[in-house]
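Given next are the chains, with one letter for each unit.
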Amino acid sequence: MQEIELKFLVPESRLKGLMRQAQVKSSQLTQLAAHYYDTPDQQLAKAGIGLRIRKEGESWVQTIKAGGDGIAARLEHNAVLDNEQVQAMLDANSLMPDLTIYKDTPIAPALSEFKLKKLAKTLTRLYVTDVQRTTRLLVEDSSDQIDNQVNNSIEIAYDYGEIIHGNDDAQREVIREIEFELISGDLDFLFMTAKNWCQRYKLCLSTVTKAERGGLLINGQNHSPAVSADLSQLNINKKISIPAFVRAAVHNCLLQILPNSSAIVAGSTDSDHILQLQIGIRRLLAALNAFASFSDEINPDWQPILKQTATLIDDYQELDYLANHIDPKLQKYGAPETNWTMDIDALKTKPIDAISVPDFQLTLLELIAFTMSDPTLEPQSNKLATDKIVKVLSKQYKKLLHTDEELGEGNNVESESMDLEDIDLEDVDLESTNSNLDTDDQADFELHQLKDLRYITEFCAPLLSKKGSKKRTERQLKCLLKAQKPLEKYHSYAQYQQRYQLKSAVDNNALYGAGWFAAVLKNDTKHSDKCLAKVRDRSIFW
């Protein structure tokens, strides 16, 4: 069967109020003791599979979870085990899953890459969870339903407990999360309920499973690595309809946004998580803007909230990158240390603050609901996306050309490539830090258009597979990337120059960085212009 659930982290400040709603007269309290299994090198986890044996009240249940949409839906198979057999294995310290039960079940394809007999011999218990679960069944009032035959119900489960290392009881991780699982009926009821609780108790979405958290614990990690865009998971083909196409594009963006935002709300301050979240939001904004006419279900309020969130985390991301990447590299070339800690601490809004606000969390929920909604119910469901993407690409290409004609040189505030490569210190005047570099917002807009064209082309690429067009599309994407990198580098360096220049008013050590970037930027302008000119001069690729 397919499990559809939404998971949230619960802020401690809202826990008492939330528990008053979770612990009603009809709620149930269950102690859950789960044993999680994998190979020593975690082959199941790498394949996105979780395998456990858990005591649920008086019963022992073997559960495997796999596949799904990568966001809210997963395949799940549960098998109730014989209590006496389980107890005998526990007494002998030999409790292990039985993989033979998955033959000829819907979960079998997820295990197809494994030889089950060999896998069974290599399985080991890696970690356990000890959780107290409070569950409440919420059923929609039938008087509010148009069709009384539909029984809309969801299970709300609040989990509090620990994940414990399988070989070291001293290594533990606290669990405090709430899940909303659709038991029967429409998805709308699930999302409506989740949104109400999210807004009331400031809940934050998390895609991190208990199995994933256990894997992090045994590996000595606090968070999973940052997730970048993965176009191999873009589920688009030539026969896809217009409304299904935009849902697939949004879904692909969420696969990048949600893991990174989950890490940040869980406490990560890693610059990679922050950067990849930024890029995911930029890709999503490009999709929502370009494909706005592809669906009547796109909410115009999404874009301003997403833009505001991206803007709020820009300052932190830039200062963090200066402190942890740029300044250490400058020091290797003899620069004195510039301390950015006070600047970071002085920021009123940290990334965790920006993405924990209800507006952003509710927007994420609505976007997930949008991707899971039925595209066949929309007016354009009988039209192919291939009939419309050429017009979208042409419009975006014209916007880029028009912007370039109006503005000339282009820079960008968002940076996806910020390495200090090929910097030459010769001829740098460390005392001369007065720069007249043009970094106004209009110039930023030019690179914004270039990147939008790249993102949109990536979404449309699977549909541009007519004779010869596939190779032309690949060449165009390479050209866009080739132009994007120096333009991003140029603007990033301009931003760094300004940061060091302003910092030098209170810290003379910053003069070195200001002079460095001022000198480098003088030599980068022509290269950026040439790369952009190549994009302008290319023939249409679709």
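Note: the structure precedes this text.
Draft legend 1. Region of interest: the pairing of strand β2 (residues 28-38). Summarising the sheet, β2 and strand β6 (residues 124-139) pair through 11 bridges and their orientation is antiparallel. Each bridged residue has a counterpart across the sheet, and for Ala34 the counterpart in β6 is Thr129. As defined by bridge partners, β2 adjoins strand β3 (residues 50-56) across 6 bridges and the pair is classed as antiparallel. Residue pairing in the sheet places Leu32 in a bridge with Glu56 of β3.

Draft legend 2. Molecular detail of the packing of helix α9 (residues 302-332) against helix α12 (residues 358-372). Closest axis-to-axis distance for the α9/α12 pair is 10 Å, and the angle between their directions is 130°. One finds that α9 runs oblique with respect to α12. Handedness of the crossing formed by α9 with α12: left-handed. Touching Trp302, Ile305, Leu306 and Thr309 of α9 are Asp359, Phe360, Thr363, Glu366, Leu367 and Phe370, all from α12. Considering only residue class, the contact of α9 with α12 consists of 6 nonpolar, 2 polar and 2 charged.

Draft legend 3. How the structure looks around the environment of Gln23. Residue position: Gln23 is located in the loop between α1 (15-22) and β2. Gln23 sits in the partly exposed class, given a relative accessible area of 47%.

Draft legend 4. Main features of the packing of helix α7 (residues 242-265) against α12. Viewed as axis vectors pointing N to C, α7 and α12 meet at an angle of 145°, and their least axial separation amounts to 10 Å. Note on packing geometry: the crossing formed by α7 with α12 is left-handed. On the side of α7, the interface is formed by Val246, Arg247, Val250, His251, Leu254, Ile257, Leu258, Ser261 and Val265, while α12 contributes Gln361, Leu364, Leu367, Ile368, Phe370 and Thr371.

Draft legend 5. Geometry of helix α3 (residues 83-91). Capping the start of α3 is the job of one residue whose side-chain oxygen sits 3.0 Å from the backbone nitrogen of Glu84: Asp82. A positive phi of about 55° marks Asn93, the residue just after α3.

Conventions and cut-offs
- Residues numbered from 1 in each chain as written.
- Predicted model: local features only at pLDDT ≥ 70, side-chain atom pairs only at ≥ 80, totals over all residues.
- Heavy atoms only, no water.
- Pairing = 2+ DSSP bridges.
- Helix = DSSP H or I, 4+ residues; strand = E, 2+ residues; numbered from the N terminus.
- Axes fitted to C-alpha atoms, helices over the stretch in contact; angles between N-to-C directions.
- Parallel < 35°, antiparallel > 145°, perpendicular 65-115°, else oblique.
- Left-handed = near helix turned anticlockwise from the far one by under 90°.
- Contact = heavy atoms within 4.5 Å.
- Nonpolar A, V, L, I, M, F, W, Y, C, P; charged D, E, K, R; others polar.
- Buried < 20%, exposed > 50% of the residue type's maximum accessible area, 1.4 Å probe, protein only.
- Polar contact = N/O pair within 3.5 Å; in protein donor to acceptor, adjacent residues only side chain to side chain.

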